[in-house]
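In case you want the letters, here they are:
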Amino acid sequence: MTYEYPDHLNEPDLQQLQVSITESAMTDRAFTGTRWDEDTATIQVMFADALSAGDKAILDGIVAAIP
Amino acid sequence: MTRASFVSLLIALAPALSWAGAGSIDGGQVSILNISTETAVYSTTMKPLVMRCLAADGVTFESCGGGGSGVVTTSAPVLGVGSVADPIRVDPSSVTLLGPVIDSAEVSFNYAGSSSKGGAATSVASGGVDFSTITTALNAKADTFVGISSVCAAGQYLSSGTWSNGVLVGGGCVPVGGVTGSTWSVVAGDIIPTDTNNNIRITKINPTFNIENNSTSQYSQAQIVFDTTNQASDIRYVLSAEKLSAGSGGSSSYFIRRQTGGDWLDYARFNSAGTNDVTFNYTKSAGLSYGPVNIANGDFQRGGNSVAWMTHFQQASSDRQSSTTGGFTNKTTLTTGSLPSGTYRIGWSAEIAESNATYDTLLRVQVNGADVANINEEFQDTANWLPKSGFYYHTGSGVTTVTLDFGSDNTLNTASIRRARLELWRVQ
């Protein structure tokens, strides 16, 4: 499942986002990576499975915490 | 009859005869034979014989021919006294002419040069016939029939007819310099003059030969057919302007190869309606085995802004940057229409980068889900972009999907890609 965050982060933020996710409780949620496209200026966070509502709230908090 | 016998005859008839002024003889009672041969006796020794018809039976005369063939009987009044000055004759007021119809037995002509009466004429003496009179009569007769005239309108001439191949058999007025009829045809060389090389020439400034189709029907045509009849299979080449749709629009020009009575084999079409496309259909007929299309000399070039080269060409590109920390993800995709069976060259190129020199950036190209390229690149300078490219010959048909994907072999590496491009074009 891919979760998109438009107009919030840029390509250099991917590794910070990557680290934040792997250090959080989301690390065992079949996290497969992040993606950013210049065309859409959208951050995508990808998991093999869909997240629960609780996990989705945690993910939103991680993305929002990156300046 | 001799002179003596004639005198004897008169003596024998004396009791029954009375001379003029002395009495009369009833008709049918007396025959006078061969008077003319006795003229000398009659004129010198005898009084003139006066014969008068007093009854309706008239008088019978017998000619000198004898045998009865010259006998003429008349009941008409007889004039004259029988003298040289006043011969016996029939009163012309009592003569009826033969009537309006002359039977063949009544009249025969003995014309010059013929040895017998009634034979066929073989010649007419000079001056014997007034041809102007005959022509005038025939012209007057011709004018009474519809479609035949002895005088043609301006721009036409009076043909005597009898062309070959069934055209203008009966003759008549023929247009000069233009034809307005709908069924008029021409056999080459019959009425169109050609030079010694059988060429028809129009020598003018900007000469034009117009053939106009004035129909609004779909597929109606104006065309010129080039035909070679001396060949096994009747192949014709046609220059045609055809209406693709009914009404005032939708015309195309064609150069066509076709069989007589059959469908087109090939054609080149210049479409002046809709998309204004040009089509060369070399394989219109599935029943023929076709060879290659050759350019004997010179180069095949394309110009303008056309996106089509050869029969099929398609491309896809995504120039802007994408990055990922995950595995393969799609950067750009090329999806074709339904391709005819053939061989297609598929080319790709992209620039890739990575954020961690320890890990790999991934790149792959797939055709209909199968890898045709799959690489891992781990390079030292993470600030650099590396070009990656290649090509592949794909043989197939139908809808074809080409994808260019990239990724990272570790989440600690951010793999990036930009200027990703795909192309497909048919090569054979």
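Everything numeric here is computed off the predicted structure, so don't read it as measured data.

This brings us to the overall build of chain A. In terms of helices and strands, chain A carries two helices and three strands. Going from N to C terminus, chain A has its helices and strands arranged as β-α-β-β-α. The proportion of buried residues among the 67 residues of chain A is 45%. About 3,300 Å² of surface is accessible on chain A, with carbon and sulfur atoms providing 53% of the total.

One pass over the full model with this rule turns up 13 salt bridges over all chains. One salt bridge connects B:Arg236 with B:Asp227, and the closest N-O pair in it is separated by 2.8 Å. Residue B:Arg236 is classed as partly exposed on the basis of its relative accessible area, which comes to 22%. Across the salt bridge formed by B:Asp319 and B:Arg421, the nearest N and O atoms sit 3.2 Å from each other. Pair noted here: B:Asp319 is in the loop between β12 (313-318) and β13 (322-324) and B:Arg421 is in strand β20 (residues 415-426), with a separation of 102 residues, a long-range link. The network of salt bridges with common partners includes A:Glu38, A:Asp39 and B:Arg320.

This part is about the pairing of strand β11 (residues 278-281) of chain B. All names here are of chain B. Where strand β10 (residues 264-271) and β11 come together, four bridges link them in antiparallel fashion. In the strand pairing of β11, arginine 269 is matched with threonine 279. The turn linking β10 back onto β11 is made up of six residues, and glycine 274 within it adopts a positive phi angle of 65°.

So, about the confidence of the model for chain B. All names here are of chain B. On average, residues of chain B carry a pLDDT of 72, and 57% of them reach 70 or more. The spread of mean pLDDT over the elements of chain B runs between helix α2 (residues 39-45), the lowest at 43, and strand β16 (residues 361-367), the highest at 97. Under a pLDDT of 50 for its full length, residues 33-50 has, in the predicted model, 28 contacts with residues more than four places off or in other chains. In the predicted complex, the global pTM is 0.41; the interface-specific ipTM is 0.72.

We now examine unusual backbone geometry. Residue and element names in this part refer to chain B. Non-glycine residue asparagine 206 carries a positive phi angle of around 50°. Relative to the helices and strands, asparagine 206 is located in the loop between β6 (172-175) and β7 (221-227). Since its relative accessible area comes to 68%, asparagine 206 is described here as exposed. Phi at asparagine 368 takes a positive value of approximately 50°, unusual for a residue other than glycine. Structurally, asparagine 368 can be placed in the loop between β16 and β17 (370-377).

Residues and elements named next belong to chain B. An order of β14-β19-β16-β17 is seen for the four strands of this open sheet, with the pairing classed as antiparallel. The sheet terminates laterally at β14 (329-335) and β17, the two strands that pair on one side only. Between one strand axis and the next, the sheet turns through 10° on average, direction left out of account. Here β16 pairs with β17 via seven bridges, running antiparallel. Within β17, the position partnered with leucine 363 by the bridge is isoleucine 375.

This part takes up the sheet that holds β10(B). Residue and element names in this part refer to chain B. Pairing in this open sheet of five strands is antiparallel, and the strands run β7-β8-β9-β10-β11 from one edge to the other. Looking at which strands have only one partner, the edges of the open sheet turn out to be β7 and β11. Each adjacent strand pair in this sheet contributes to an overall mean axis angle of 15°, direction not counted. Examined bridge by bridge, strand β8 (residues 235-243) and strand β9 (residues 251-259) share nine bridges and lie antiparallel to one another. Across the sheet, residue alanine 241 finds its bridge partner in β9, namely serine 253.

Thresholds, definitions, all that
- Residues numbered from 1 in each chain as written.
- Chains lettered and ligands numbered in written order.
- Predicted model: local features only at pLDDT ≥ 70, side-chain atom pairs only at ≥ 80, totals over all residues.
- Heavy atoms only, no water.
- Helix = DSSP H or I, 4+ residues; strand = E, 2+ residues; numbered from the N terminus.
- Buried < 20%, exposed > 50% of the residue type's maximum accessible area, 1.4 Å probe, protein only.
- Areas by Shrake-Rupley, 256 points an atom, 1.4 Å probe, with all protein chains shown as cover.
- Salt bridge = Lys/Arg side-chain N within 4 Å of Asp/Glu carboxyl O.
- Pairing = 2+ DSSP bridges.
- pLDDT = per-residue confidence, 0-100.
- Contact = heavy atoms within 4.5 Å.
- Axes fitted to C-alpha atoms, helices over the stretch in contact; angles between N-to-C directions.

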